[in-house]
Amino acid sequence: MIKQLLSKLPRKSSKSSANRDHGGNHAANSNASIGSRGSNGKFANSNSSSVAVNNSAPDASQNLGNKIHQGVNSKLNGDLGFSQYEGLPGFKDVPSSEKQNLFIRKLNLCCVVFDFTEPMKNLKEKEIKRQTLQDLVEYVTSVSGKFTETAVQEVMKMVSANLFRTFTPQPRENKVVDGVDLEEDEPSMDSAWPHLQIVYELFLRFVSSTETDAKLAKRYIDQSFILKLLDLFDSEDPREREYLKTILHRIYGKFMVHRPFIRKAINSIFYQFIFETEKYNGIAELLEILGSIINGFALPLKEEHKMFLVRAMIPLHKPRCLAMYHQPLSYCIAQFVEKDCKLADTVIRGLLKYWPIANSSKEVMFLNELEEVLEATQPPEFQRCMVPLFQQLARCLNSSHFQVAERALFLWNNDPIENLIRQNRKVILPIILPALEKNVGSHWNQAVRSLTLNVRKIFEDLDHELFNECLLKFHEDEKKEVEIRASREATWRRLEEIAATAAASDATAAAPCKALICSAAG
């Protein structure tokens, strides 16, 4: 009886173990075949619809997940094997209860980053990952039901692994002179863009999705994440910066708790750019975001926003590469003045402070922006700054660069500005008339002379008596200037004659002394 009992136990245990092993392998093969079938309906160029780690080996899958959780962001090379890359079923091929798990498995696989510096390396694996990312984008777009905390965490982990990287700085010296980019070559494009683009698209749709709970997601889209995202704005690839602009704007809109921090972080980037490096690729994109943000500021404007204008926005006119971002900067400045017309005086004086001296193309940009600001300026603010403003405009009128002079004269074609000038002509005409008269008499460009005569006629028709009064004073000042110049030249001639006489006297007096010295030496 005892022998019978002993003989039964080990044999049954052995068979049960073998059956379990066999069943596990069979299940793995079934998963592989399901993945292969799912691909035919979605991607014509591949044998699988998406990718993940082969789950027939639970330990291997768990190990890979642990590595990714620890922040795997290493580039795979040819020495590593890819035996674990096998097809997974598409989301349409699994029950709804399994879609969330499948979503996380796909995210885990996409945490692996490939090296695109060698285009022909790991082509199969790169294509597998690309298709997996496409599958994830479709799932995020069509999902119904809130994302769980695990799903949010895995999405952020995958996005961080793929996007956050160190840029190799390109030499940018001597690329910009007088605000003009000397290099007309195509901008630098990231070789990993086939994957990066889909990751950005996935993240954009995830942030924009109504199924993403802001209270839950803000634990992972935190200040540290935002700072790393802002660092990416220095990318050389304009396509990447365009995605970043849209994503950061969505984050700003969805996560209200982060709004002050985002503004402060952008402010810090501007400070570093203005006062330290003058090198940053994403200034234009950040200003485009700010243009929308400023448009939404509540009235009255907070003191914080006014200080941002004074300390960051206006000093952005200083760098030589202003042409690269002037359009969105000008829009932001105009938004501030439209929000609070009392800021017009501050803005105009700021422009005068940073007005270029020997950079004609930059002067034209300043004049364009000045016209936009003056259109929104009210008479009280205009009167506070009109004297230094028109002193600068008078210098522009006499510029030897015809585009600067021409652009300054075009201000009189703007009706709101002309009305402000008419109302304050008694102050403005005495400042501007000497420049007009000099242009009429001596400017080399015919178009500038014609425009000057038109402006001169406007003043003459507007107030003939004031015009004649100012003209008379101009001629008197000119006459005095001629007399002063003649007197100065006469003084210099007398000084030269005295110097010549003194030199001759010294030479005559020195001759006997020289002879005496020579005889003594002999």
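Remember, it's a predicted structure, so these values are computed and weren't measured experimentally.

Draft legend 1. Local environment of the overall build of the protein. Looking only at helices and strands, the protein has 21 helices and six strands in total. The burial tally for the protein puts 44% of its 522 residues in the buried class. Taking all contacts inside the protein whose residues are at least 6 apart in sequence as the whole, residues at least 24 apart take part in 77%. A total accessible area of about 28,400 Å² is found for the protein, and carbon and sulfur atoms account for 53% of it.

Draft legend 2. Region of interest: the nonpolar core. Counting residues in hydrophobic clusters, the biggest one holds 134 residues, and the most contacted among them are F270 and M313. A per-element tally of this core places helix α6 (residues 193-208) first, with 10 residues. If near-sequence neighbours (up to four positions away) are discounted, F270 is found in contact with I283, L286, L287, L290, F308, A312, M313 and L316.

Draft legend 3. Inspection of helix α13 (residues 326-339) at higher detail. With 14 residues, α13 extends 20 Å between its outermost C-alpha atoms, agreeing within 8% with the 20 Å of an ideal straight helix rising 1.5 Å per residue. When we look at burial in α13, the residues that qualify are H326, P328, L329, S330, C332, I333, A334, Q335, F336 and V337. If you follow the buried residues of α13, they end up packed against α11 (283-295), α12 (303-313), α14 (344-353) and α15 (360-375).

Draft legend 4. Up close: the pattern of salt bridges. Under the counting rule described, the total for this entry stands at 23 salt bridges. The closest approach of N and O atoms between K245 and E242, which form a salt bridge, is 2.7 Å. One end of the pair, K245, and the other, E242, are both in helix α9 (residues 238-254), three residues apart, so they sit about a helical turn from each other. Between D340 and K306 there is a salt bridge, with its nearest N and O atoms 3.8 Å apart. Placement of D340 in the loop between α13 and α14 and of K306 in helix α12 is noted, with a sequence separation of 34 residues between them.

Draft legend 5. Summary view of the side chain of D340. Given a relative accessible area of 17%, D340 falls into the buried group. In this structure D340 touches L301 and K306, once residues within four positions along its chain are discounted.

Draft legend 6. Geometry of the confidence of the model for the protein. For the protein, mean pLDDT is 81; residues scoring 70 or higher make up 77% of the total. Between residues 177-184, whose pLDDT stays under 50, and residues either more than four places distant or in other chains, the model counts 14 contacts.

Draft legend 7. Quick peek at helix α5 (residues 149-163). Spanning 15 residues, α5 covers 21 Å between terminal C-alpha atoms, matching the ideal 21 Å at 1.5 Å per step. Most of α5 is tucked away, with 11 of its 15 residues classed as buried. Those residues of α5 not exposed but buried are A151, V152, E154, V155, M156, K157, M158, V159, A161, N162 and L163.

Draft legend 8. Representation of the packing of aromatic side chains. All chains considered together, the criterion is met by 18 aromatic pairs. An aromatic cluster of at least three residues, connected via ring pairs, comprises F91, F103, Y139, F147 and F206. The lysine or arginine in question, K126, covers the ring of F116, its NZ or CZ lying 4.4 Å from the ring centre.

Draft legend 9. Main features of empty space enclosed by the protein. Evaluated as defined, the whole model comprises two cavities of 30 Å³ or more. As a volume, the second largest cavity reaches approximately 40 Å³. In this structure, the second largest cavity is lined by W412, E418, I421, R422, I458, F459 and L462. Elements supplying a minimum of two residues to the lining of the second largest cavity: α18 (415-423) and α20 (446-462).

Draft legend 10. Region of interest: the environment of F410. Locating F410 in the fold gives a position in the loop between α17 (402-409) and α18. Remark: the alpha-carbon pair of F410 and L367, spanning 43 residues in sequence, is separated by 9.6 Å.

Draft legend 11. Seen up close, unusual backbone geometry. Here the amide bond leading from L299 into P300 is cis, since omega sits at -5 degrees, within 30 degrees of zero. As for its position among the elements, P300 is in the loop between α11 and α12. Located in the positive-phi region is E278, a residue other than glycine, with phi close to 55 degrees. Looking at the secondary structure, you find E278 in the loop between α10 (259-277) and α11.

Draft legend 12. Representation of the state of the cysteines in the model. Counted under the stated rule, the structure contains zero disulfides. No disulfide involves C111; its sulfur sits 7.6 Å from that of C110, the nearest cysteine.

Draft legend 13. Broad picture of the packing of helix α4 (residues 123-142) against α6. As a packed pair, α4 and α6 sit with axes 9 Å apart at the nearest point and diverge in direction by 15 degrees. Looking at the two axes, α4 sits roughly parallel to α6. For α4 against α6, the interelement crossing comes out left-handed. Across from K126, K129, R130, L133, Q134, L136, V137, V140 and T141 in α4, the residues of α6 making contact are P194, H195, I198, V199, E201, L202, R205 and F206. A breakdown of the residues in the contact of α4 with α6 according to their chemical character gives nine nonpolar, three polar and five charged.

Calculation criteria
- Think of each chain on its own: its residues are numbered from 1, step by step along the sequence as written.
- Restriction of local features to residues with pLDDT of at least 70 applies here, the model being predicted, together with a cutoff of 80 or more for giving and counting side-chain atom pairs; totals for whole chains, interfaces and linings are based on all residues.
- Computation of side-chain values: all heavy atoms of the structure, hydrogens and water removed.
- Secondary structure elements are defined from DSSP: runs of H or I of at least 4 residues count as helices, runs of E of at least 2 residues count as strands, and each element is numbered from the N terminus.
- Here's how the labels work: a residue is buried when its accessible area is under 20% of the maximum for its type, exposed when over 50%, partly exposed in between, all with a 1.4 Å probe on protein chains only.
- Whether two residues are in contact is decided by their heavy atoms: any pair within 4.5 Å suffices.
- Only the protein chains shown count as covering a residue, and every accessible area follows the Shrake-Rupley method with a 1.4 Å probe.
- For the purposes of this section, nonpolar cores are sets of buried Ala, Val, Leu, Ile, Met, Phe, Trp, Tyr and Cys residues that join through side-chain atoms within 4.5 Å.
- For a helix, the expected span equals 1.5 Å multiplied by the residue count minus one.
- Within this document, salt bridges are pairs made up of a side-chain nitrogen of Lys or Arg and a carboxyl oxygen of Asp or Glu, the two lying within 4 Å of each other.
- For every residue, the pLDDT score states the predictor's confidence, bounded by 0 at the bottom and 100 at the top.
- Think of it this way: a Phe, Tyr or Trp ring, Trp meaning its six-membered ring, pairs with another when their centres are within 6.5 Å, and the plane angle makes it stacked under 30 degrees, edge-to-face over 60, tilted otherwise.
- Whether a charge sits over a ring comes down to the Lys NZ or Arg CZ being within 6 Å of the ring centre and within 35 degrees of the ring normal.
- For each structure, a 1 Å grid was placed over the protein atoms alone; sets of points admitting a 1.4 Å probe that cannot get out are labelled cavities, open sets with protein on both sides within 12 Å along at least five of seven lines are labelled pockets, and lining residues have an atom within 4 Å of a point.
- Grid points are joined across faces, edges and corners, and a volume is the space filled by probe spheres set on the points.
- Only a pair of cysteine sulfur atoms within 2.5 Å qualifies as a disulfide here.
- The axes used here are C-alpha line fits, helices contributing only the stretch in contact, and every angle between their N-to-C directions lies in the interval 0 to 180 degrees.
- Roughly parallel covers angles under 35 degrees, roughly antiparallel covers those over 145, roughly perpendicular covers 65 to 115, and oblique covers all other angles.
- Crossing chirality is assigned from the near helix's rotation relative to the far helix, an anticlockwise turn below a right angle marking it left-handed and a clockwise turn marking it right-handed.
- Residue classes follow a fixed rule: Ala, Val, Leu, Ile, Met, Phe, Trp, Tyr, Cys and Pro count as nonpolar, while Asp, Glu, Lys and Arg count as charged, and any other residue, Gly among them, counts as polar.

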